[in-house]
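# Structure assessment
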Amino acid sequence: MKPLVDALARVAYRSAYNLARVYWRVRHPQTHGVFVGIWCGERVLLLQNSYKRQLSMPGGGLHRGESPAEAGARELQEEVGVRLGPHALRPCFETVGTDEHKQDHVHFLEVTVETEPTLAVDDREVVWAGFIDLEMALRLPVSSLVRTYLEDARRRRSSRATRR
């Protein structure tokens, strides 16, 4: 029964996303969201949402009155089962994306972990998650917002390594 329920949930996510895209195309709203980069060495956590073709990172929209760090901690738990407090997430990058016919103001947060945490995906909204080497991640089909962050992270990480 679970595989059937999961499949129906994926159809619902795809349908809701497609409806949202129509709304965004008509209304061009401003949205505010967050993505979280979890790093283990030179490997970053990427995930595959059931309703998008490109790889992404844990993240989503900010709820009313929620800080980016609170939203990031919530999304980490919801999407990959990782429990971290908002205080563990450090802001590192902000950008505005317009790929989906909306002004998407995105806060990127980061955390570095010593060992890869155990990941738990629901096989509904998120169908895969794993740690990928940064250079490999940049060769994969990732969303433009995530690509912008990864390129910035590569620049920041290489300048840190140079200073050592």
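Attention here is on the structure that accompanies the text. If you're wondering where the values come from, they're calculated on a predicted model, not measured in any experiment.

The rules behind the values
Residues numbered from 1 in each chain as written. Predicted model: local features only at pLDDT ≥ 70, side-chain atom pairs only at ≥ 80, totals over all residues. Heavy atoms only, no water. Helix = DSSP H or I, 4+ residues; strand = E, 2+ residues; numbered from the N terminus. Rg over C-alpha atoms; globule rule 2.2 N^0.38 Å. Buried < 20%, exposed > 50% of the residue type's maximum accessible area, 1.4 Å probe, protein only. Disulfide = S-S within 2.5 Å. Expected span 1.5 Å × (residues − 1). Phe/Tyr/Trp six-rings, centres within 6.5 Å; stacked < 30°, edge-to-face > 60°. Core = buried A, V, L, I, M, F, W, Y, C linked by side-chain atoms within 4.5 Å. Contact = heavy atoms within 4.5 Å.

This part covers the overall build of the chain. Assigned secondary structure in the chain consists of four helices and six strands. In sequence order, the secondary structure elements of the chain are arranged as α-β-β-β-α-β-β-β-α-α. Taking 164 residues into account, the globule formula puts the C-alpha radius of gyration at 15 Å, and the chain, at 16 Å, falls close to it. On the principal axes, the C-alpha backbone points of the chain span a range of 50 × 40 × 35 Å. Counting only residues that meet the buried cut, the chain has 43% of its 164 residues in that class.

Under the criterion given, the structure shown has zero disulfides. Left unpaired, Cys-40 is separated from the closest cysteine sulfur, that of Cys-92, by 17 Å. Overall, Cys-40 belongs to the buried group, its relative accessible area being 12%.

Further remarks concern helix H2 (residues 68–80). Side chains that are three or four residues apart share a direction in an α-helix, a result of its 3.6 residues per turn. The end-to-end C-alpha separation of H2 is 18 Å, in line with the 18 Å expected for 13 residues at 1.5 Å each. Every buried residue belonging to H2 is among Ala-69, Ala-71, Gly-72, Ala-73, Arg-74, Glu-75, Leu-76, Glu-79 and Val-80, and all of these are buried. Gly-81, located one to two residues past H2, shows a positive phi value of around 75°.

A few words on helix H1 (residues 2–27). Across its 26 residues, H1 extends 37 Å between first and last C-alpha, which sits within 8% of the 38 Å expected from 1.5 Å per residue. Among all positions of H1, only Asp-6, Ala-9, Tyr-17 and Trp-24 are buried. His-28 lies just past H1 and shows a positive phi near 50°.

All right, on to the packing of aromatic side chains then. Under the criterion given, the structure shown has seven aromatic pairs. On the numbers, 5.1 Å between centres and 45° between planes, the contact of Tyr-17 with Tyr-51 is tilted. Placement of Tyr-17 in helix H1 and of Tyr-51 in the loop between strand S2 (43–49) and strand S3 (59–61) is noted, with a sequence separation of 34 residues between them. Residue classification places Tyr-17 among the buried residues on the basis of a relative accessible area of 12%.

To continue, consider the nonpolar core. Counting residues in hydrophobic clusters, the biggest one holds 19 residues, and the most contacted among them are Leu-46, Phe-108, Tyr-149 and Leu-150. Listed by contribution, the elements that provide at least two residues to this core are strand S1 (30–40), S2, strand S5 (103–112), helix H3 (134–139) and helix H4 (144–163). Here this core gets five residues from one element, more than from any other, and that element is H4. Other than its neighbours up to four places away in sequence, Phe-108 contacts Phe-35, Met-57, Arg-90, Pro-91, Cys-92, Phe-93, Thr-95, Leu-145, Val-146 and Tyr-149.

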